[in-house]
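Below are the chains, spelled out letter by letter.
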2 protein chains.
Amino acid sequence: MKTLYAADGSDLHPHFGPYFSDGKRRVDYVLAYQIQKPNTVRKPSPKFGENNFIPPLQPKEDPEITAQEHQTDYHEDDKRFRRDEYEENLLETGLELEKDEGSKIPGIGFLKIHAPWHVLCREAEFMKLKMPTKKVYDVKQGGNVVEKVRLFIHKVTAPLHPKVDVSHPHSVKSLSHPFSREKQHLFDLSDKNKFFDSTTRSSIVYEVLKRTRCTKAKYSMVLYSYIPFVVLQLLYEEWASYSVFYKYQPIGLIRKYFGEKVGLYFAWLGVYTQMLIPAAIVGVIVFLYGCATVDENIPSMEICDPRNNVTMCPLCDQACSYWKLVTACGTARASHLFDNPATVFFSIFMALWAVLFMEHWKRRQMRLNYIWDLTGFGEEEEVSVRNVKKNKASPDHSHICLFYLYVFKYNHVLDEKVKLTCSDRLPAYMTTVVMMCLMISVTFAIVFGVILYRISIKAALHMSSYPAARSNIRATVKTTAAIINLIIIIIMDEIYAAIARWLTTLEVPKTDKSFEQRLIFKTFILKFVNAFTPIVYLAFFRGRLVGRPGKYLYVVGSYRMEECAHSGCLMELCIQLCITMLGKQLIQNNLFEIGIPKIKKLLRQRKSEMDTKQEEELNKTLRRHEKDHFLGPFIGLNPEYMEMIIQFGMVTLFVASFPLAPLFALLNNIIEIRLDAKKFVTELRRPIAAKAKDIGIWYNLLRGLSKVAVIVNAFVISFTSDFIPRLVYQYTYSPDGTLHGFTNHTLAFFNVSDFQPGTDPLEPMHLGYKVDMCRYKDYREPPWSTTPYDFSKEFWAILAARLAFVIVFQNVVMLMSDFVDWLIPDIPKDISLQMHKEKILMVELFMKEEQGKRLTMRERNTPQQPRSRPNSHTNCV
Amino acid sequence: MKTLYAADGSDLHPHFGPYFSDGKRRVDYVLAYQIQKPNTVRKPSPKFGENNFIPPLQPKEDPEITAQEHQTDYHEDDKRFRRDEYEENLLETGLELEKDEGSKIPGIGFLKIHAPWHVLCREAEFMKLKMPTKKVYDVKQGGNVVEKVRLFIHKVTAPLHPKVDVSHPHSVKSLSHPFSREKQHLFDLSDKNKFFDSTTRSSIVYEVLKRTRCTKAKYSMVLYSYIPFVVLQLLYEEWASYSVFYKYQPIGLIRKYFGEKVGLYFAWLGVYTQMLIPAAIVGVIVFLYGCATVDENIPSMEICDPRNNVTMCPLCDQACSYWKLVTACGTARASHLFDNPATVFFSIFMALWAVLFMEHWKRRQMRLNYIWDLTGFGEEEEVSVRNVKKNKASPDHSHICLFYLYVFKYNHVLDEKVKLTCSDRLPAYMTTVVMMCLMISVTFAIVFGVILYRISIKAALHMSSYPAARSNIRATVKTTAAIINLIIIIIMDEIYAAIARWLTTLEVPKTDKSFEQRLIFKTFILKFVNAFTPIVYLAFFRGRLVGRPGKYLYVVGSYRMEECAHSGCLMELCIQLCITMLGKQLIQNNLFEIGIPKIKKLLRQRKSEMDTKQEEELNKTLRRHEKDHFLGPFIGLNPEYMEMIIQFGMVTLFVASFPLAPLFALLNNIIEIRLDAKKFVTELRRPIAAKAKDIGIWYNLLRGLSKVAVIVNAFVISFTSDFIPRLVYQYTYSPDGTLHGFTNHTLAFFNVSDFQPGTDPLEPMHLGYKVDMCRYKDYREPPWSTTPYDFSKEFWAILAARLAFVIVFQNVVMLMSDFVDWLIPDIPKDISLQMHKEKILMVELFMKEEQGKRLTMRERNTPQQPRSRPNSHTNCV
């Protein structure tokens, strides 16, 4: 921070950024271009990895260099000619330019752009920007009591608010109105330099740049804009620092300098993190409840009681022998931590929590929209590339340049295949479908591989005669398998992201929005499958495809499928979740989000062939836009969102099995916010302030996940945990209405003479006595029944109960969610009241104006004859 | 029609309606008021019944008469004073007035209102009305092939389109832009009389009326506006006539003369009816499939085969005796019509149909929004009554009058309790909750009563020795019970509607929107419960609470609960649905929608104390607004919507049991459209043209219903029909993989010695032989098992299968629905392309204008000094 911004170039005003050389005109935008064929300045084409989400709308991805790699056939002169033409066109629009080719970075020229007042006015009117008017009104926040409570809360939470000076006091707000030159008298134009802030100015210039035609396509520029130094300092101290982790984020400031889209991301992240606090607290309580009741849990007491002398069937063929149930005591007790009635409550709680979170976010978004004057703003329709290109009869070329600016990254594809028909597209779509299926099968194969690893290692360890190895078998196998899984997940994540990007490029989507959406969709599916397949296997398939003693299911020759521990697979699911969440977050955060950008920056600086000393020297004399050249480009928010969505999935989908998930997520997010903030403040070039009303497709994904979460949790509770069998036993089979005897009830009998030949234990006398009957966990008929080893009536009854529970749980929770959704209005009441009030005030304002006009008209018309005047709007009155 | 409009008053221009007495100024609105205390002109206060949805926003409900009944303490002078004041205020806004007190209707005065051009301009600007500009562009509907296909389709369906001359050819469209006086040059103002059409003019006047303040509240007016005679004729011929039932509706014309809200209703009804066509066709095919396969159905063949000599247990205590299964042959065959595999397919089809319908409607709505230039229009926030009233510090009284105009109907309540606190409201809310619960219990009680009726009649008929009575027992009981049910439903519908209205009035909602929503919500719940409770009972409870032989369940002393026929209750459910749907539609349509309005009109005319001859004479000389006075007020669209929603419920909720439901609904709706059209054209005063972008709460209700439909259908298929038991039998128990033996499998054994004392049949030898074992339909253990008469393993297995089917069906259908929802874009592609094109053209237009301005400026500035000019907007350029 210090090194970067303390000793800034002399052209920088601390509040408003740099000026033209006349010291009067502000620089609103800087374009960078190459002035000579670079011999050494060469970058590798962007690596796949975390950058996979580079949205084409952000033309800051150094496209000139990428472009240059593809089009070496264009000469410097040709380029200069086109640039000159473009600059002429820019001048035609009214912008003012200043060139700066004597920069200290060899080979790079800068074009500074200033938007004069009349251009700002015109464009603001076109863009229908809502600007504050002179009319100011009191904001009454409800009645007296409400106001007092609000003030009290504000006082209490004061230390949590960032120390950012707010220009308006909260009790007063200006009416906003779309800017219009005809209605200039409404606005406070006393200081024209301050009326449009720097973000607005640069986005206005960006609009003009997008619209300005450039006759030839192979032309591109790097775009910069500035954040004033004072603000950067403030953002750094009050936002991008770990020391303020407990504070709210200065969302207003973020929005002001990074635009609505980034502002919304951080606001969303803030809301999510905030909402995780109660979830984490309840999760910890549920966990503690499990800890507290572990000694009162009858099933685990029964398992741990050595008097219940239960002989269990061997866990593997030949190598394993019979074992005592009491040895599973530890796992049984541990299982209770995650498999107790509180878990059911927690599942329902988290389903409602997810709905509340969505609702809370909707309201927050609405409030932000209102505060940011976006209420009337409609999302811009994206330009359909094909439409514009084919529409040659129309005189409209204005968007072609825009198109070439921002889909530059893959226009070498587009140029050749502009008129893609269905049959042209078919191969790409087929490739996509095939590749997606292939990738998903790869994921499944990997999971199966890990299973085989576990089975074989377990068998090997069982066979080893070294007793220490045997005693720690389960723990060893579980942990190593989970870690292997984690590593594979992280590696595949990167590969899948690259494949998704490649596939989307192949498809040549018509618009950038469609590009982005398809990319997100593909990446989401692949990453989601990647992250959740092992977990889904553990939760729903492991231990279910085992067969029974005497008729085991074998895979790959003679490996028996994995069984669960006696108390179910919940414990293992829990370990897997824990390792995946913690590991993924730690590695991806620390390594990828901190480490790699640092390395990249270093590489970039080394590329420009200055050794560190020289560089530091230079750094002090470099001007802002020159320094920014070395910063990383802004690659969009999609990787950040994706990471959070996967985390949200972890938190909601399997929460029934791991109540501590919200806590882990919370801890991660507290770091994540400041990490992302640091990245935005110090590591990246300032992004174009993109307007957005909502978080777009991510909201739908969140909604979809929270719907899926309900059904997944229903299945986890009813099938993975022993909740339903316990309940059924207690209320139908138990002789005394308690769980006493439950363990015995869950164990079926097996006559050891029924073992398939060659599968009976090699050491049948391992326990010291001859075993005739061993027990295994299942609901099957005993050997002495007429249909031995068939599923028993209890099995079907419990299955029916499990399924009934799923139906009831799913529908009740869905109904409750819909009810909560319906109960909470999407627009906060105070905002809707205020909006209404503003509307009334606006009508009043205009009515007054009308009356004023009529009066002056009357006065004028009385003494003299009505005359025709140049402006047309009086015809009407 | 002829009598009403042929010989119209002389002040009526066939195209533009009436004029002021100067013959130049058009009448845009007419207010009616009472000029003397009426001695004889007195109407009953509105009856509860179909009018229960009178929305307070439609102030046409003759409130002056209602008011007058409540406030007789106000003298004529006082009223006149207030009226004068109001009229003065209207003049102040620029409107022009003409009084007409010498009307032919005694006691009623009319105030004609004309809006001059400048008022229209001003208000259009305030209301941000989108008006067509001069700029016209070609609408290209896709490529060449697409265009040809479109033209071909249009040609083929030409006879289906109403013969309404469309002013614009389809290939050209004007750009629309919010009207602004500063931008008048954009619009084609060559004919100022035609620029704003009559609907726009009257809604502009209505806006002004709403805004105009009237100091005292007890003042009200009846509001009229006109439809030109030519249009009425056209609407009558091309829309409100049964002879055009096969044609599309002239939605554009409807919207033009009745406003967007009414237009949307009829568009929705049209889409719904259109979508019912494929559903009806598939339904009929499914039904025919049932008919065709009835002879190949193995279970019914087994039942009908007299060689399967199965003795069934008696159906009632003592009076009934053992019976042969073969006697159930008829019912078994009939059941197959509605209980066959095609039904499952049809359920899934209808679930997807519902989603497609919603999607289709969304797209149609979007298209209409675009065609009607509503895309930028934001729904007006309703005025919060309390807020306005309490806000005395603010100088804004403009809405108070509006409030009194439209919540007039119950302002005697509001006046006293303006500042309602929570504790004031509590009793009303409590009443609501208690009453709603009470009403729902009443519905349950009625259903239970009908059950008792059925049980007792059946028992009585069984006991009678008259053989004819006994043979027709089932048919008689079923049919009479269903008819009784129907009559009760229709009566209770009216009562419930009245109660809902009363409860909502008690609650004193803060705004009219809230009033309407609460009313709709309550009415919906009550009517829904009323219509569906008997059906739900039949589908899910009947035959399930029976007990078993030897341990029957008794209600009210010694009545055994109803059993289903051997092939399940589906047949009875079907009969009930059929009678309810047909009966409800026939009675409610014919009696309530045609009969009652006719009677009301007659009553109204008789009230004005003219005998028929005089009246006819007078009718010819009456002017339009005088005639309109005798028409019924427009009472809102809610009853129409409600009727359709209940029908939609019938069509989707139990479609698994009655595949002909869509056909019945289709036939009904074809009539319904023309019936409603007739009502609008001839029976009702013209409603205020209310703007609306969507159908509001009804869309949510439809969505909710189609969600509920999925789960209800899942349960109907798995529990009410025998689909799952057949499937389970075929694939697990059947020795040869067919359904042979299924009937035997479903029947449990009962040892007649286990009858409870006093319940065994009086005539045990009725069949001619001694019975030791009888059979009954259930999955229970046989008497010789260790646990006799307990549920058998088959029972639990089939239950699990049923529940699993519910889960799979619900989730698969929900997933498919969501997928379809996601697949179909909400905005039709051509519309989104066109919208985008318009945006580009608009920018272009403005850019050209800008350049033009700059040029003229430059020209002006070159020869002479720049001067300050009166209009402000040049400051900027």
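Keep in mind it's a predicted model, so treat the numbers as computed, not measured. (Residues numbered from 1 in each chain as written. Chains lettered and ligands numbered in written order. Predicted model: local features only at pLDDT ≥ 70, side-chain atom pairs only at ≥ 80, totals over all residues. Heavy atoms only, no water.)

### Brief notes about the overall build of chain A
Within chain A, the regular secondary structure consists of 30 helices and 16 strands. Taken over 877 residues, chain A has a buried fraction of 55%. Expressed as a percentage of contacts within chain A between residues at least 6 apart in sequence, the contacts between residues at least 24 apart total 81%. Looking at chain A as shown, the accessible area adds up to about 38600 Å², and 62% of this sits on carbon and sulfur atoms. (Helix = DSSP H or I, 4+ residues; strand = E, 2+ residues; numbered from the N terminus. Buried < 20%, exposed > 50% of the residue type's maximum accessible area, 1.4 Å probe, protein only. Contact = heavy atoms within 4.5 Å. Areas by Shrake-Rupley, 256 points an atom, 1.4 Å probe, with all protein chains shown as cover.)

### Thoughts on the side chain of Ser817 of chain B
Residue and element names in this part refer to chain B. Residue placement: Ser817 occurs in helix H29 (residues 793–823). Judged by its relative accessible area of 9%, Ser817 falls in the buried class. Apart from residues no more than four positions distant in its own chain, Ser817 is found in contact with Ala351, Leu352 and Val355.

### Things to note about the confidence of the model for chain A
All names here are of chain A. Of the residues in chain A, 75% reach a pLDDT of 70 or more, and the chain-wide mean stands at 75. Across chain A, element-level confidence peaks in helix H29 (residues 793–823) with a mean pLDDT of 92 and bottoms out in helix H15 (residues 398–406) with 32. This model gives residues 1–16 a pLDDT under 50, and the stretch forms 43 contacts once residues within four places in sequence are excluded. Note on residues 379–418: pLDDT under 50 across the span, and 85 contacts to partners over four residues away in sequence or across chains. Quick note on the complex model: pTM equals 0.82, ipTM equals 0.80. (pLDDT = per-residue confidence, 0-100.)

### Focus on the state of the cysteines
A covalent bond between the sulfur atoms of two cysteines is what we call a disulfide. All names here are of chain A. In this structure the tally under the stated criterion is four disulfides over all chains. Linked covalently through their sulfurs, Cys313 and Cys774 form a disulfide whose S-S length is 1.8 Å. One quick way to see it: the torsion about the S-S bond of Cys313 and Cys774 is about 90 degrees, and its sign makes the bridge right-handed. Here Cys774 lies in strand E16 (residues 773–777) and Cys313 lies in the loop between strand E9 (311–312) and strand E10 (323–324), a separation of 461 residues in the sequence. We classify Cys774 as buried; its relative accessible area is 0%. (Disulfide = S-S within 2.5 Å.)

### A look at the pattern of salt bridges
Going through the model one piece at a time under the given rule, you end up with 40 salt bridges over all chains. A salt bridge links Asp493 of chain A to Lys527 of chain A, with the shortest nitrogen-to-oxygen separation between them at 4.0 Å. With a gap of 34 residues between them, Asp493 of chain A in helix H19 (residues 473–507) and Lys527 of chain A in helix H20 (residues 512–541) connect regions that are remote in the sequence. With respect to class, Asp493 of chain A is no different from Lys527 of chain A; both count as buried. In this structure, the salt-bridge partner of Arg726 of chain B is Asp339 of chain B, at a minimum N-O distance of 3.3 Å. Within this pair, whereas Arg726 of chain B is found in helix H27 (residues 723–733), its partner Asp339 of chain B is found in the loop between helix H12 (329–338) and helix H13 (341–371), the two being separated by 387 residues in sequence. What makes Asp339 of chain B buried here is its relative accessible area of 6%. (Salt bridge = Lys/Arg side-chain N within 4 Å of Asp/Glu carboxyl O.)

### With respect to helix H4 (residues 117–126) of chain B
All names here are of chain B. Of all 10 residues making up H4, eight are buried, and the element is well covered by its neighbours. Every buried residue belonging to H4 is among Trp117, Val119, Leu120, Cys121, Arg122, Glu123, Ala124 and Glu125, and all of these are buried. Looking one or two residues beyond H4, the residue adopting positive phi is Lys128, at roughly 50 degrees.

### Brief notes about the packing of aromatic side chains
The final tally for this structure, using the stated rule, is 90 aromatic pairs over all chains. Measuring from centroid to centroid gives 5.2 Å for Phe521 of chain A and Trp822 of chain B, while their planes differ by 20 degrees, and the two rings are stacked. Placement of the pair is Phe521 of chain A in helix H20 and Trp822 of chain B in helix H29, with the two residues belonging to separate chains. A residue is classified by how much of its surface remains accessible, and Phe521 of chain A, at 36% relative accessible area, is partly exposed. With a relative accessible area of 53%, Trp822 of chain B lands in the exposed category. Linked through ring pairs, Trp239, Phe258, Tyr265, Phe266, Trp268, Tyr272, Trp353, Phe357, Tyr641, Phe648, Phe680 and Trp698 of chain A together constitute an aromatic cluster. (Phe/Tyr/Trp six-rings, centres within 6.5 Å; stacked < 30°, edge-to-face > 60°.)

### Description of the environment of Tyr289 of chain A
Residue and element names in this part refer to chain A. Topologically, Tyr289 is positioned in helix H10 (residues 260–292). Residue classification places Tyr289 among the partly exposed residues on the basis of a relative accessible area of 39%. Remark: the alpha-carbon pair of Tyr289 and Thr343, spanning 54 residues in sequence, is separated by 9.7 Å. Those residues in contact with Tyr289 that lie beyond four places of it in its chain are Asn340 and Ala342.

### With respect to the packing of H27 of chain B against H29 of chain B
Residues and elements named next belong to chain B. As a packed pair, H27 and H29 sit with axes 10 Å apart at the nearest point and diverge in direction by 120 degrees. Considering their axes alone, H27 and H29 lie oblique with respect to each other. In this structure, H27 meets H29 at a crossing whose hand is right-handed. For the pair H27 and H29, contact is made by Phe723, Ile724, Pro725, Val728 and Tyr733 and by Glu794, Ala797, Ile798, Ala801, Arg802 and Phe805, respectively. Of the residues in the contact of H27 with H29, the class split is nine nonpolar, no polar and two charged. (Axes fitted to C-alpha atoms, helices over the stretch in contact; angles between N-to-C directions. Parallel < 35°, antiparallel > 145°, perpendicular 65-115°, else oblique. Left-handed = near helix turned anticlockwise from the far one by under 90°. Nonpolar A, V, L, I, M, F, W, Y, C, P; charged D, E, K, R; others polar.)

### Brief notes about the nonpolar core
Counting 229 residues, the largest nonpolar core has Tyr272 and Phe654 of chain A together with Phe654 of chain B as the members making the most contacts within it. Not counting chain neighbours up to four residues away, the residues in contact with Phe654 of chain A comprise Phe532, Ile535, Val536, Ala539, Phe540, Leu573, Leu577, Gly649, Val712, Asn713 and Val716 of chain A. (Core = buried A, V, L, I, M, F, W, Y, C linked by side-chain atoms within 4.5 Å.)

### Some remarks on helix H13 (residues 341–371) of chain A
Residue and element names in this part refer to chain A. Relative to the 45 Å expected for 31 residues at 1.5 Å per residue, H13 spans 44 Å between its end C-alpha atoms, a close match to the ideal helical length. For H13, the N-terminal capping position is held by Asn340, with its side-chain oxygen 2.9 Å away from the main-chain nitrogen of Ala342. Just downstream of H13 lies Asp373, where phi reads positive at about 55 degrees. (Expected span 1.5 Å × (residues − 1). Polar contact = N/O pair within 3.5 Å; in protein donor to acceptor, adjacent residues only side chain to side chain.)

### Side note on the packing of helix H10 (residues 260–293) of chain B against helix H25 (residues 661–683) of chain B
Residue and element names in this part refer to chain B. Following both chains from N to C, one finds H10 and H25 inclined at 160 degrees, their axes separated by 7 Å at the closest point. Relative to H25, the element H10 lies roughly antiparallel. Considering only the axes of H10 and H25, their crossing is left-handed. Where H10 approaches H25, its residues Val262, Tyr265, Phe266, Leu269, Gly270, Tyr272, Thr273, Leu276, Ile277, Ala279, Ala280 and Val284 are matched on the opposing element by Pro662, Leu663, Ala665, Leu666, Asn669, Ile670, Glu672, Ile673, Asp676, Ala677 and Phe680. Along the lines of polarity and charge, the residues of the contact of H10 with H25 split into 18 nonpolar, three polar and two charged.

### Concerning the side chain of Arg726 of chain A
Residues and elements named next belong to chain A. Judged by relative accessible area, Arg726 falls into the buried class, the value being 12%. A polar contact of 3.3 Å, which involves the side chain of Arg726, links it to the side chain of Asp339. Among residues more than four places away in sequence, those in contact with Arg726 are Pro299, Asp339, Asn340, Leu739 and Phe742.

### A word on a nonpolar patch on the surface
Taken together, the side chains of Val145, Val146, Val149, Phe152, Ile153 and Val156 of chain A present a nonpolar region at the surface, about 580 Å² in accessible area. Following the sequence through the fold, Val149 of chain A ends up in helix H5 (residues 144–156). (Patch = residues over 30% accessible without salt bridge, like charges linked within 9 Å, V, L, I, M, F, W, Y side chains within 5 Å.)

### Quick notes on unusual backbone geometry
Residues and elements named next belong to chain A. Despite not being glycine, Tyr789 shows a phi value in the positive range, around 65 degrees. Along the chain, Tyr789 falls in the loop between E16 and H29. The exposure class assigned to Tyr789 is buried, which follows from its relative accessible area of 6%.

### Looking at the environment of Leu91 of chain B
Residues and elements named next belong to chain B. Here Leu91 shows up in helix H3 (residues 76–92). Note on Leu91: relative accessible area 47%, which makes it partly exposed. Each C-alpha atom of the pair Leu91 and Ile113 lies 9.8 Å from the other, and the pair is 22 residues apart in sequence.

### Section: the environment of Ser792 of chain A
Positionally, Ser792 of chain A belongs in the loop between E16 and H29. Take Ser792 of chain A: its relative accessible area is 4%, and that puts it in the buried class. The spatial distance from the C-alpha of Ser792 of chain A to the C-alpha of Pro782 of chain A is 8.7 Å, given a sequence separation of 10 residues. With residues near it in sequence (within four places) discarded, Ser792 of chain A still touches Tyr779, Arg780 and Glu781 of chain A together with Lys793 of chain B. Of note is the side chain of Ser792 of chain A, whose polar atom sits 3.2 Å from the side chain of Glu794 of chain A.

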